[in-house]
Amino acid sequence: AVKTQLLEQAQGQLLELLDRAMQEAVQAYPPQGGPLPSNPPDSLNKAREPSLGKQKTFIIRKSLLDELMEVQHFRTIYHMFIAGLCIFIISTLAIDFIDEGRLMLEFDLLIFSFGQLPLALMTWVPMFLSTLLVPYQALRLWARPRAGGAWMLGVGLGCLLLAAHTAVLWVLPVHVALKYQLPPASRCILVFEQVRLLMKSYSFLREAVPGTLCARGGEGIRAPSFSSYLYFLFCPTLIYRKTYPRTPNVRWNYVAKNFAQALGCVLYACFILGRLCVPVFANMSREPFSTRALVLSIMHATLPGIFMLLLIFFAFLHCWLNAFAEMLRFGDRMFYRDWWNSTSFSNYYRTWNVVVHDWLYSYVYQDGLWLLGGRARGAAMLGVFLVSAVVHEYIFCFVLGFFYPVMLMLFLVFGGLLNFMMHDRHTGPAWNVLMWTLLFLGQGIQVSLYCQEWYARRHCPLPQTTFWGLVTPRSWSCHT
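Being a predicted model, the structure only gives us computed values, none of them experimental.

Trainee: So what exactly am I meant to see when it comes to the overall build of the protein chain here?
Mentor: Scanning the protein chain from N- to C-terminus turns up 17 helices and 0 strands. Within the span of the protein chain, comprising 480 residues, buried residues form 44% of the whole. Long-range pairs, those at least 24 residues apart, make up 76% of the contacts in the protein chain with a sequence separation of at least 6. In the form shown here, the protein chain has an accessible surface area of approximately 25,300 Å², with 70% of it arising from carbon and sulfur atoms.

Below you can see the structure in the form of structure tokens.
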């Protein structure tokens with residue numbers, strides 16, 4: 001009887017969550033040609049170029065994991081991951097006690113990864129100031145009334161400012177990372193901020209420029225306020241709106257909890273790399289190459305690889321974004337959907353990172369489709385894959401300090417094929433198992449090949465720096 005009662009309770013909660021998610025999805029993306037939600041209209045959105053798809057609508061809603069954590073059964077899974085972190089800590093203490101005769105946790109990998117962090121933060125300041133001042137000032141120059149050559153001069157000056165702004169965001173972090181040889185975590189901060197600020201700048205101009213130009217034509221649409229732009233630069237979305245739904249107050253205990261969980265995920269990742277990856281790959285390039293060793297290394301890397309994927313998801317897409325959303329009272333917390341239930345890779349790509357997907361859908365897919373006259377949806381989708389794959393590969397290249405197009409091939413070639421082969425018509429548990437199996441293998445390939453290349457470039461430095469030497473994988477030849 002108790003078992004039946006628990007099952008009925010869990011089923012009722014799950015059905016309630018599913019109904020709520022379906023209602024929010026319908027509200028967030030109204031059907032084409034259907035009525036919009038009864039929110040105050042945004043004049044900038046009405047002045048946008050006509051699009052051929054759905055428009056992003058922000059509503060107040062919680063993140064899916066926050067809703068799932070209200071169910072005891074899902075909290076138990078969370079507790080299991082905490083127990084895994086405890087096991088890593090205990091094993092580290094036990095090994096240090098056996099080998100060194102002392103009980104002490106060493107954070108050498110963490111300290112190395114975040115080395116020169118103050119320099120990375122100092123580099124971020126001019127990047128942010130450029131994003132804060134230049135796009136808004138360029139918009140003000142374009143918003144001036146037409147008056148002979150004065151307006152054309154303002155347009156030209158605005159374009160020059162934006163070109164300088166783009167150059168600063170592209171060149172400055174790359175220059176600092178190469179000149180001072182920043183370690184991976186510090187590079188990660190710079191490259192994520194570089195990409196984020198570029199995407200936010202583009203979204204602001206893409207949404208605001210049409211309305212500003214219409215205002216010059218006498219329609220009376222005002223340019224956005226500076227305060228709305230400043231709020232947009234910090235709030236956890238890449239789609240600009242003049243206003244967003246806001247929560248009534250800030251729960252500072254919720255903010256502290258999410259930041260603490262994000263820090264715990266960073267420690268978790270360091271323990272995984274230090275215990276499951278470094279001992280396996282540190283000396284692999286010094287051993288003779290064999291297909292057996294390569295396959296075994298990939299299989300060994302699947303477990304730490306999938307752990308790293310889950311930790312990145314939870315730390316950034318849930319904890320970090322929710323912490324900033326709470327501090328800014330940003331109401332729409334749908335940063336991801338239930339990607340773990342996906343039975344197709346097309347659904348996985350749409351639900352894994354909703355923040356980036358909204359930007360790609362609005363400004364690459366929809367605008368590309370509009371430029372193509374509403375035809376060639378496959379070409380527009382291919383453009384989304386190409387942009388996403390190139391940016392992902394650039395991020396990996398920036399963070400690791402070398403070019404090894406594993407992510408590019410997995411994302412663009414295999415990911416693109418799987419997106420069209422495993423489409424939404426495939427349902428059922430077998431397809432979900434297949435998706436997870438391919439995710440395990442993909443993460444194992446990435447962790448194995450990138451770790452081998454990382455250590456090969458340290459064990460086999462180039463006697464002479466050449467272009468082909470820099471772009472040729474060192475792990476292919478660095479075996480003794």
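There's plenty left to go through after this.
Trainee: Help me understand the pattern of salt bridges in this model?
Mentor: If the charged atoms of two oppositely charged side chains come close together, the side chains can form a pair. In total, this model carries 9 salt bridges according to the counting rule given. The closest approach of N and O atoms between Lys 62 and Glu 70, which form a salt bridge, is 2.5 Å. Note that Arg 196 is salt-bridged to Glu 193, the shortest N-O span being 2.7 Å. One end of the pair, Arg 196, and the other, Glu 193, are both in helix α8 (residues 184-219), 3 residues apart, so they sit about a helical turn from each other. According to the relative accessible area criterion, Glu 193 is buried, its value standing at 17%. Members of the salt-bridge network, linked through shared partners, are Arg 251, Glu 326 and Arg 333.

Trainee: Would you explain the nonpolar core in this entry?
Mentor: Across soluble globular proteins, you tend to see nonpolar side chains buried next to one another. Residues Phe 204 and Phe 313 are the most contacted members of the largest nonpolar core, which totals 80 residues. If one sorts the elements of this core by residue count, helix α11 (residues 291-327) sits on top with 11 residues. In contact with Phe 204, not counting residues within four places along its chain, are Pro 135, Tyr 136, Leu 139, Val 209, Pro 224, Tyr 229, Phe 232 and Tyr 240. Of all hydrophobic cores here, the second largest spans 19 residues; its members include Phe 281, Met 284, Val 406 and Tyr 455.

Trainee: Mind showing me how you'd approach the environment of Phe 420 here?
Mentor: Relative to the elements of secondary structure, Phe 420 occurs in helix α15 (residues 406-421). Residue Phe 420 is classed as partly exposed on the basis of its relative accessible area of 45%. The sequence separation of Phe 420 and Ser 344 amounts to 76 residues, and the corresponding C-alpha distance is 9.1 Å.

Trainee: Would you mind showing me how to read empty space enclosed by the protein here?
Mentor: Taking a probe equal in size to a water molecule and rolling it over the atoms shows the remaining empty space. All chains considered together, the criterion is met by 2 cavities of 30 Å³ or more. By volume, the largest cavity amounts to about 80 Å³. Contributing to the lining of the largest cavity are Lys 56, Phe 58, Pro 236, Thr 237, Ile 239, Phe 330, Asp 332, Met 334, Phe 335, Val 354, Val 355 and Asp 358.

Trainee: How do you make sense of the UniProt feature "transmembrane region" (unreviewed entry) in the protein chain when you look at a structure like this?
Mentor: Mapped onto the present numbering, the UniProt feature "transmembrane region" (unreviewed entry) falls at residues 77-97, 109-129, 149-172, 259-282, 294-317, 368-387, 394-418 and 430-451. Measuring from the first to the last C-alpha atom of residues 259-282 gives 32 Å, for a span that is 96% helix and 0% strand. The span residues 294-317 is 100% helix and 0% strand, and its two end C-alpha atoms sit 32 Å from each other.

Trainee: So what exactly am I meant to see when it comes to the packing of α15 against helix α16 (residues 429-459) here?
Mentor: When two helices pack together, their arrangement is given by the angle between the helix axes and the distance between those axes. Here α15 crosses α16 at 165 degrees, and the two axes come no closer than 10 Å. Put simply, α15 runs roughly antiparallel to α16. Once α15 is placed against α16, the crossing between them reads as right-handed. Taking contact as the criterion, the partners of Val 406, Met 407, Leu 410 and Leu 418 in α15 are, on α16, Leu 438, Gly 442, Ile 445, Gln 446, Leu 449 and Tyr 450. A breakdown of the residues in the contact of α15 with α16 according to their chemical character gives 8 nonpolar, 2 polar and no charged.

Trainee: Help me understand helix α4 (residues 72-100), please; the structure alone is not making it clear to me.
Mentor: What sets the pattern is the α-helix's 3.6 residues per turn: residues three or four places apart point alike. When the terminal C-alpha atoms of α4 are compared, their 41 Å separation across 29 residues agrees well with the 42 Å that a helix rising 1.5 Å per residue should span. Every buried residue of α4 is accounted for by Leu 85, Phe 88, Thr 92 and Asp 96.

Trainee: Is there a simple way to think about the UniProt feature "active site" (unreviewed entry) in the protein chain in this case?
Mentor: Under the UniProt annotation, the feature "active site" (unreviewed entry) is placed at His 392. Position of His 392 among the secondary structure elements: in helix α14 (residues 377-400). When residues no more than four places from it in sequence are discounted, the contact partners of His 392 are Met 407 and Phe 411. A polar atom in the side chain of His 392 sits 2.7 Å from the backbone oxygen of Ser 388.

What counts, and where the lines are drawn
- Residues numbered from 1 in each chain as written.
- Predicted model: local features only at pLDDT ≥ 70, side-chain atom pairs only at ≥ 80, totals over all residues.
- Heavy atoms only, no water.
- Helix = DSSP H or I, 4+ residues; strand = E, 2+ residues; numbered from the N terminus.
- Buried < 20%, exposed > 50% of the residue type's maximum accessible area, 1.4 Å probe, protein only.
- Contact = heavy atoms within 4.5 Å.
- Areas by Shrake-Rupley, 256 points an atom, 1.4 Å probe, with all protein chains shown as cover.
- Salt bridge = Lys/Arg side-chain N within 4 Å of Asp/Glu carboxyl O.
- Core = buried A, V, L, I, M, F, W, Y, C linked by side-chain atoms within 4.5 Å.
- 1 Å grid on protein atoms, 1.4 Å probe; cavity = no way out; pocket = protein on both sides within 12 Å on 5 of 7 lines; lining within 4 Å.
- Points joined across faces, edges and corners; volume = space filled by probe spheres on them.
- UniProt positions renumbered as here; feature names shortened; annotations may be inferred.
- Axes fitted to C-alpha atoms, helices over the stretch in contact; angles between N-to-C directions.
- Parallel < 35°, antiparallel > 145°, perpendicular 65-115°, else oblique.
- Left-handed = near helix turned anticlockwise from the far one by under 90°.
- Nonpolar A, V, L, I, M, F, W, Y, C, P; charged D, E, K, R; others polar.
- Expected span 1.5 Å × (residues − 1).
- Polar contact = N/O pair within 3.5 Å; in protein donor to acceptor, adjacent residues only side chain to side chain.

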